[in-house]
Amino acid sequence: MTFDTLIDTLPAFAEKASKLADRLGLLRAGLVADHIALRITERADAEALRDDLLSRGTLLSDKEINGRPILLIQLHTPMQVGPWAIDLVELPFPDGKKRRDGWEHVELVLPCGATDKVQMLEAVKQIPAMIAKWPVLKDGTLGIEIKTSCPKGDDEPLANPTVAFRHDGITVKVHPHDMRDVLGLRQAEATA
């Protein structure tokens, strides 16, 4: 897996992700994408991609989460991913699970002040297009899997509760804060 291979597969991923976001009403809600994430199964591929991404950007975070490194790299030039210009890439190193290598999800920001996954789910359910769809989303009629989580690193100033929608191998996630805010990077920039 190389960066060039990823760029070649980006249009197909972007089309599926934007179609899923559109089905959910997230495009009409005008949510901004803060990052795109990869899934890689071989450590050598993850190391090569790390080096390739770092030649195109700056490392913002390198944390060990659940026993493996997860990197956030801000690209010098944003990538066009469907309707979104995204400059932040999440690169989790392999965790031993076998998955399809490549682009895995896009995360969108719904500024709502949610501090836990229950509040985040309630905020997502209040998106105008989501209100009417929620019953068929919840009962599985649309075949879209919904999961909630509330990841927070030890030294991160903000929790980032997340609602994930998965369909046909693509995931679109919604959370209340841009990852740079979760990491405390914008606060540090403002005081520098």
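1. Describing the side chain of His175
Then comes step 1: In this structure, His175 sits in strand S8 (residues 170–175).
Then comes step 2: Look at His175 and you get buried, because its relative accessible area is 0%.
Then comes step 3: Within polar-contact distance, the side chain of His175 engages the side chain of Glu107 at 2.7 Å.
Then comes step 4: In this structure the side chain of His175 is engaged in a polar contact, spanning 2.9 Å, whose partner is the side chain of Asn160.

2. Thoughts on the packing of helix H1 (residues 3–24) against helix H4 (residues 128–138)
Axis angle and axis distance: for two packed helices, these are the angle between their axes and the distance between the axes, and together they describe the pair.
Then comes step 1: Viewed as axis vectors pointing N to C, H1 and H4 meet at an angle of 100°, and their least axial separation amounts to 9 Å. Classified by the interaxial angle, the pair formed by H1 and H4 is roughly perpendicular. Facing H1, whose interface residues are Asp22, Arg23 and Leu24, H4 presents Ala129, Met130, Lys133 and Leu137.
Then comes step 2: Residue composition of the contact of H1 with H4, by class: four nonpolar, no polar and three charged.

What counts as what
Residues numbered from 1 in each chain as written. Predicted model: local features only at pLDDT ≥ 70, side-chain atom pairs only at ≥ 80, totals over all residues. Heavy atoms only, no water. Helix = DSSP H or I, 4+ residues; strand = E, 2+ residues; numbered from the N terminus. Buried < 20%, exposed > 50% of the residue type's maximum accessible area, 1.4 Å probe, protein only. Polar contact = N/O pair within 3.5 Å; in protein donor to acceptor, adjacent residues only side chain to side chain. Axes fitted to C-alpha atoms, helices over the stretch in contact; angles between N-to-C directions. Parallel < 35°, antiparallel > 145°, perpendicular 65-115°, else oblique. Contact = heavy atoms within 4.5 Å. Nonpolar A, V, L, I, M, F, W, Y, C, P; charged D, E, K, R; others polar.

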